[in-house]
Amino acid sequence: RAAFIAMVAFLIMLLYVVIAPWVISYDPNAVDFSLAYVTPTWAHPFGTDQFGRDLFLRTALGGRISIGIGLAATVAIMVIGILYGAISGFVGGLLDGAMMRFLDALYGLPYLPFAIITLAIFGTVNFWTMVIALTVASWFTTARVMRGQIISLKENDYVRAARAIGARWHRILFRHLLPNTLGLVIVFVFLELPGVVLGEAFLSFLGLGINPPNASWGSLAQDGYTQYLSHPYLIVIPSVAIAWLILTAFFIADGLRDALDPRTEGAA
């Protein structure tokens, strides 16, 4: 039940960030100092910022950027982690040992500092550089979990049967083993997405995010932080949006894990 409610709340958030910019006639970047710091009203449900820009619209547009970066980075994390872990677990032997020792070394990389270094190397911040920065040190856990899953699955009888009839290794891996990890992959998508969105928000809060006049939830929170005492809604609104996404994604992941794992049936 909690997962279903979380799914509805997650879809409401997606509909808001997708539909709101289409139905609102305000220019999100129009400056009107006469409307600066308008508290939430019917005309401006989330109020306005120091430039008189409508926050209801800018929060939706910021959600597009934050969720877009989160989804793109999550897909990249899944692809890299799944391929790395699947090959390591399926081949085994010396290659598996070497790949895992390399992964152990990478685990020493601090996540956010390494993302900051990556952005500094690129020298510019845009959608795709943010995706790369958030992906480069985030796929390790996915690879390790996928390796364990493949090691378990490759001992099944259908894998032995495929080998007995002469199936090539890539056919066994991509046709028989990886499809059986789909449930785990779906759960991991909803587990990784909140962390990536939070990482993007943190980088943006530090001033390393998308360049103005565009904004993400993190940059909106950073703008509100400087004036949270006099106008607290400026930081509360993007913070609630980030928390909304993170909590709903975690509840969905927990519900999917229970639904897709037969060992949890009747556990309560």
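Our subject is the structure listed above.
All values derive from a computational prediction rather than experimental measurement.

> Help me understand the overall build of the protein, please; the structure alone is not making it clear to me.
A count of helices and strands for the protein gives 11 helices and 0 strands. Tracing the protein from N to C terminus, the helices and strands come up as α-α-α-α-α-α-α-α-α-α-α. Each of the three principal axes of the protein carries a C-alpha extent, and together these read 75 × 45 × 30 Å. In the protein, 71% of the contacts between residues at least 6 apart in sequence involve partners at least 24 apart. Roughly 14,000 Å² of accessible area belongs to the protein as shown, and the carbon and sulfur atoms make up 70% of that amount. Across the protein, the mean location of the 15 positive side-chain charges is 13 Å away from that of the 15 negative side-chain charges.

> How should the packing of aromatic side chains be read in this particular structure?
Each aromatic ring pair is specified by the distance between its two centres and by the angle formed by the two planes. This model, assessed by the stated rule, comprises 10 aromatic pairs. Plain terms: the ring middles of Trp139 and Phe140 are 4.9 Å apart, the flat faces sit at 70° to each other, and that makes the pair edge-to-face. Residues Trp139 and Phe140 agree in their burial class; the two are buried. Clustering of aromatic rings is evident, with ring pairs tying together Tyr84, Tyr107, Trp139 and Phe140.

> Would you take a moment to explain the packing of helix 4 (residues 111-122) against helix 9 (residues 182-205) for this structure?
The description of two packed helices rests on the angle between their axes and on the distance between the axes. Two elements in contact, helix 4 and helix 9, have axes whose closest approach is 11 Å; the angle formed by their N-to-C orientations is 60°. Here helix 4 is positioned oblique relative to helix 9, judged by the angle of their axes. Here the hand of the crossing between helix 4 and helix 9 comes out right-handed. Along the contact surface, helix 4 presents Tyr111, Leu112, Ala115, Ile116 and Leu119, while helix 9 presents Gly195, Val196, Gly199, Phe202 and Leu203.

> Honestly, the pattern of salt bridges in this entry has me stumped. Any pointers?
Side chains carrying opposite charge are able to pair once their charged atoms draw close together. Under the definition given, this model contains 7 salt bridges. For Asp49, the salt bridge is made with Arg58, and the minimal N-O distance between the two is 3.9 Å. Using a relative accessible area of 4% as the deciding quantity, one classes Asp49 as buried. For Arg58, a relative accessible area of 5% translates into the label buried. Between Arg144 and Asp104 there is a salt bridge, and its shortest N-O distance comes to 2.4 Å. You can see Arg144 sitting in helix 6 (residues 140-153) and its partner Asp104 sitting in helix 3 (residues 93-106), a full 40 residues away along the chain. Judged by relative accessible area, Arg144 falls into the partly exposed class, the value being 30%. With relative accessibility at 33%, the residue Asp104 sits in the partly exposed group.

> Even after reading the chapter, I still don't get unusual backbone geometry, so can you show me in this structure?
Among all residues save glycine, negative phi is the norm, and among peptide bonds the norm is trans. One non-glycine residue, Tyr37, lies in the positive phi region at around 55°. Relative to the helices and strands, Tyr37 resides in the loop between helix 1 (2-23) and helix 2 (55-91). A residue is classified by how much of its surface remains accessible, and Tyr37, at 26% relative accessible area, is partly exposed.

> Even after reading the chapter, I still don't get the side chain of Thr181, so can you show me in this structure?
Looking at the element boundaries, Thr181 is found in the loop between helix 8 (169-177) and helix 9. Thr181 gets classed as buried once you look at its relative accessible area, which sits at 1%.

> Help me understand the environment of Ala162 in this model?
On the secondary structure map, Ala162 appears in helix 7 (residues 157-164). Along the backbone, Ala162 and Ile172 are 10 residues apart, and their C-alpha atoms lie at a distance of 6.8 Å. Non-local contacts of Ala162, meaning those with residues more than four positions away in its chain, are made with Ala167, Ile172 and His176.

> Honestly, the environment of Pro238 in this entry has me stumped. Any pointers?
By secondary structure assignment, the location of Pro238 is in helix 11 (residues 233-260). The sequence separation of Pro238 and Arg58 amounts to 180 residues, and the corresponding C-alpha distance is 9.9 Å. Filtering out sequence-adjacent residues up to four positions away, Pro238 remains in contact with Trp217, Leu220, Ala221 and Tyr233.

> Just to check I follow, could you spell out the packing of helix 9 against helix 10 (residues 217-225) for this structure?
Two elements in contact, helix 9 and helix 10, have axes whose closest approach is 7 Å; the angle formed by their N-to-C orientations is 40°. Considered as vectors, helix 9 and helix 10 are oriented oblique to each other. In this structure, helix 9 crosses over helix 10, and the sense of that crossing is right-handed. Contact residues: helix 9 offers Glu200, Ala201, Ser204 and Phe205, while helix 10 offers Gly218, Ser219, Ala221, Gln222 and Tyr225. A per-class count over the contact of helix 9 with helix 10 returns 4 nonpolar, 4 polar and 1 charged.

Parameters at a glance
- Residues numbered from 1 in each chain as written.
- Predicted model: local features only at pLDDT ≥ 70, side-chain atom pairs only at ≥ 80, totals over all residues.
- Heavy atoms only, no water.
- Helix = DSSP H or I, 4+ residues; strand = E, 2+ residues; numbered from the N terminus.
- Contact = heavy atoms within 4.5 Å.
- Areas by Shrake-Rupley, 256 points an atom, 1.4 Å probe, with all protein chains shown as cover.
- Lys, Arg positive; Asp, Glu negative; His and termini not counted.
- Charge placed at Lys NZ, Arg CZ, Asp CG, Glu CD.
- Phe/Tyr/Trp six-rings, centres within 6.5 Å; stacked < 30°, edge-to-face > 60°.
- Buried < 20%, exposed > 50% of the residue type's maximum accessible area, 1.4 Å probe, protein only.
- Axes fitted to C-alpha atoms, helices over the stretch in contact; angles between N-to-C directions.
- Parallel < 35°, antiparallel > 145°, perpendicular 65-115°, else oblique.
- Left-handed = near helix turned anticlockwise from the far one by under 90°.
- Salt bridge = Lys/Arg side-chain N within 4 Å of Asp/Glu carboxyl O.
- Nonpolar A, V, L, I, M, F, W, Y, C, P; charged D, E, K, R; others polar.

Any functional reading would require information beyond the geometric quantities listed.
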